[in-house]
Structures are given as structure tokens and as C-alpha cells.
Amino acid sequence: MTPDELKALVRTIPDFPKAGIQFRDITTLIGHGPGFAATIEWLVREISGAEAIAGMEARGFIFGAAVAARLELPFIPIRKPGKLPCRVIGVDYELEYGVDRLEMDPQSIAQGQAVAIVDDLLATGGTAAAATELLRNAGGLVTRAAFVIDLPELGGREKLAERSVDVSALMNFAGA
């Protein structure tokens with residue numbers, strides 16, 4: 001399937017979660033078997049050279065775990081606070097209206113391991129930048145991130161570039 005055909009599978013829901021937001025809903029993409037498979041194959045090609053794949057809760061688990069399985073690589077889940085039963089390391093990061101936190105098991109990554117981040121959506125880049133910091137704190141080398149959707153006007157690509165992370169996105173949508 002072409003990128004335009006895949007983009008057509010993403011449903012746009014206006015005014016969700018608040019007025020003025022155009023929510024890009026990937027459930028229609030993952031619910032389409034050939035489209036989901038083509039998306040995973042595109043992501044696989046974009047992260048060549050990775051030794052592990054990291055994905056952020058929750059939709060990053062869908063795409064990241066599928067890519068990791070396809071490449072027979074470890075998958076590193078980046079979790080919301082309080083979800084892991086073991087000792088964790090974490091990083092707090094700024095949101096538009098507050099602070100959030102990401103955590104991971106530091107034993108899930110080897111020192112110097114090349115880790116690629118895979119997620120569904122790149123908006124402001126705050127979550128991906130925090131995941132990059134967390135993975136690097138654990139000893140990983142993060143230089144690549146691949147997303148299904150980029151909202152370029154929100155500046156996420158630039159935020160990751162400032163952290164020396166090369167970004168690829170299968171599709172772009174204008175606006176928020």
C-alpha cells in the first residue's frame with residue numbers, strides 16, 4: 001500500500017478531546033490488516049541498525065512491539081508511573097498543562113545498545129524527548145525515531161533534532 005492509501009485509513013475526529021483539535025485516530029489503520037502490515041513494514045525499513053526497539057505507553061506498544069517482533073529484537077516498554085513491579089528509573093517532563101513521568105526497567109537495556117523509538121504520533125515531541133532522555137540515562141544510544149504520523153506544525157521533529165535524534169514519519173497531517 002502507498003503512503004497516501006495508508007493515510008486515508010487514519011480517521012480524523014474533529015474537536016476531540018477539545019474544540020479546535022483534529023484528533024488523528026489510528027484505530028482505523030490498525031483495524032485494517034493489510035494497512036497495519038504495510039505500516040509495520042515501513043517502520044521496519046526506517047529503523048535499520050537498531051539493536052532494540054522502545055515504545056511509549058500505550059499506542060507505541062502496538063507499533064513498537066510489532067516492529068521488534070518482526071525484526072526479532074528486544075522490545076523496551078516505556079511506561080507510565082506505577083506500572084512496573086521492579087525497581088525503575090524515571091524522568092519527569094513538561095506537558096502543556098503540567099508535568100508527567102515516564103519509567104522503565106533499567107535492566108531491560110544493555111550499556112551502549114542502539115535503541116530506536118517507535119510510536120504512533122509525533123506532536124510537540126515532549127514524550128519522545130523524555131523517552132530519549134530516559135533510554136540514554138539507562139545506557140542506550142538513541143539516534144533514530146520513527147512515527148506513523150507527524151504533526152509538523154507542533155515542532156516535535158525539531159525538538160528531537162536538538163537531541164541528535166533523526167526522525168522519520170510515514171505521513172504528515174497539517175494543523176493540531
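Within any chain, residue numbers begin from 1 and follow the written order of that chain's sequence. Since the coordinates come from a predicted model, pLDDT governs what is reported: local features require at least 70, and pairs of side-chain atoms require 80 or more to be given and counted, while whole-chain, interface and lining totals use all residues. The basis for every side-chain value is the complete set of heavy atoms in the structure, and neither hydrogens nor water enter the calculation.

Numbering of helices and strands runs from the N terminus, with a helix taken as a DSSP run of H or I at least four residues long and a strand as a DSSP run of E at least two residues long. Check the secondary structure of the chain and you find 6 helices and 9 strands. Values of the radius of gyration come from C-alpha atoms, whereas the globule rule sets the reference at 2.2 Å times the count of residues to the power 0.38. The C-alpha radius of gyration of the chain comes to 15 Å, within 12% of the 16 Å expected for a compact globule of 176 residues. By principal-axis analysis of the C-alpha atoms, the chain measures approximately 40 × 35 × 30 Å. Counting all 176 residues of the chain, 43% fall into the buried class. To sort residues, take the accessible area from a 1.4 Å probe on protein chains only and compare it with the maximum for the residue type: under 20% means buried, over 50% means exposed, and anything in between is partly exposed.

Moving on to the nonpolar core. We define the nonpolar core as a collection of buried residues of types Ala, Val, Leu, Ile, Met, Phe, Trp, Tyr and Cys that are connected through side-chain atoms lying within 4.5 Å of one another. Counting 26 residues, the largest nonpolar core has Ile-76, Ile-78, Leu-102, Met-104, Val-115, Leu-135 and Leu-160 as its most contacted members. Of all the secondary structure elements, the ones that give two or more residues to this core are strand S3 (52-56), strand S4 (75-78), strand S5 (89-95), strand S6 (98-104), strand S7 (114-122), helix H5 (126-137) and strand S8 (141-150). In terms of residues, this core owes the most to one element, H5, which gives 6 residues. We call two residues in contact whenever any of their non-hydrogen atoms come within 4.5 Å of each other. The residues contacting Met-104, other than those within four sequence positions of it, are Ile-76, Pro-77, Ile-78, Leu-84, Arg-87, Val-88, Ile-89, Ile-109, Leu-134, Leu-135 and Ala-138.

Below, the discussion takes up the sheet that holds strand S9 (residues 166-172). Spatially, S4-S3-S7-S8-S9 is the arrangement adopted by the 5 strands of the open sheet, whose pairing is parallel. Lying at the two open borders of the sheet, with one neighbouring strand each, are S4 and S9. Each strand axis lies, on average, 20° off the axis of its neighbour in the sheet, ignoring direction. Axes here mean lines fitted to C-alpha atoms, for a helix over just the part in contact, with angles spanning 0 to 180 degrees between N-to-C directions. Against the sheet, helix H3 (residues 33-46) engages S7, S8 and S9, with an angle of about 150° to S8. Two strands qualify as a pair provided that DSSP identifies no fewer than 2 bridges between them.

Here we come to unusual backbone geometry. Cis peptide bonds are those with omega within 30 degrees of zero, and the linkage from Phe-16 to Pro-17 qualifies with 5°. The peptide bond linking Glu-57 to Ala-58 adopts the cis configuration, its omega dihedral lying at 5°. Here Ala-58 shows up in the loop between S3 and helix H4 (59-71).

Two elements in contact, H3 and H4, have axes whose closest approach is 9 Å; the angle formed by their N-to-C orientations is 70°. What the angle tells us is that H3 and H4 run roughly perpendicular. Crossing of H3 over H4 shows right-handed handedness. Contacts between H3 and H4 involve Phe-36, Thr-39, Ile-40, Glu-41, Leu-43 and Val-44 on the former and, on the latter, Ile-62, Phe-63, Ala-66, Val-67, Arg-70 and Leu-71. For the contact of H3 with H4, the residue count by class is 9 nonpolar, 1 polar and 2 charged. An angle below 35 degrees is treated as roughly parallel, one above 145 as roughly antiparallel, one from 65 to 115 as roughly perpendicular, and anything else as oblique. Take the far helix as your reference; a near helix turned counterclockwise from it by less than a right angle gives a left-handed crossing, and one turned clockwise gives a right-handed crossing. For this classification, Asp, Glu, Lys and Arg are treated as charged, while Ala, Val, Leu, Ile, Met, Phe, Trp, Tyr, Cys and Pro are nonpolar and the rest, including Gly, are polar.

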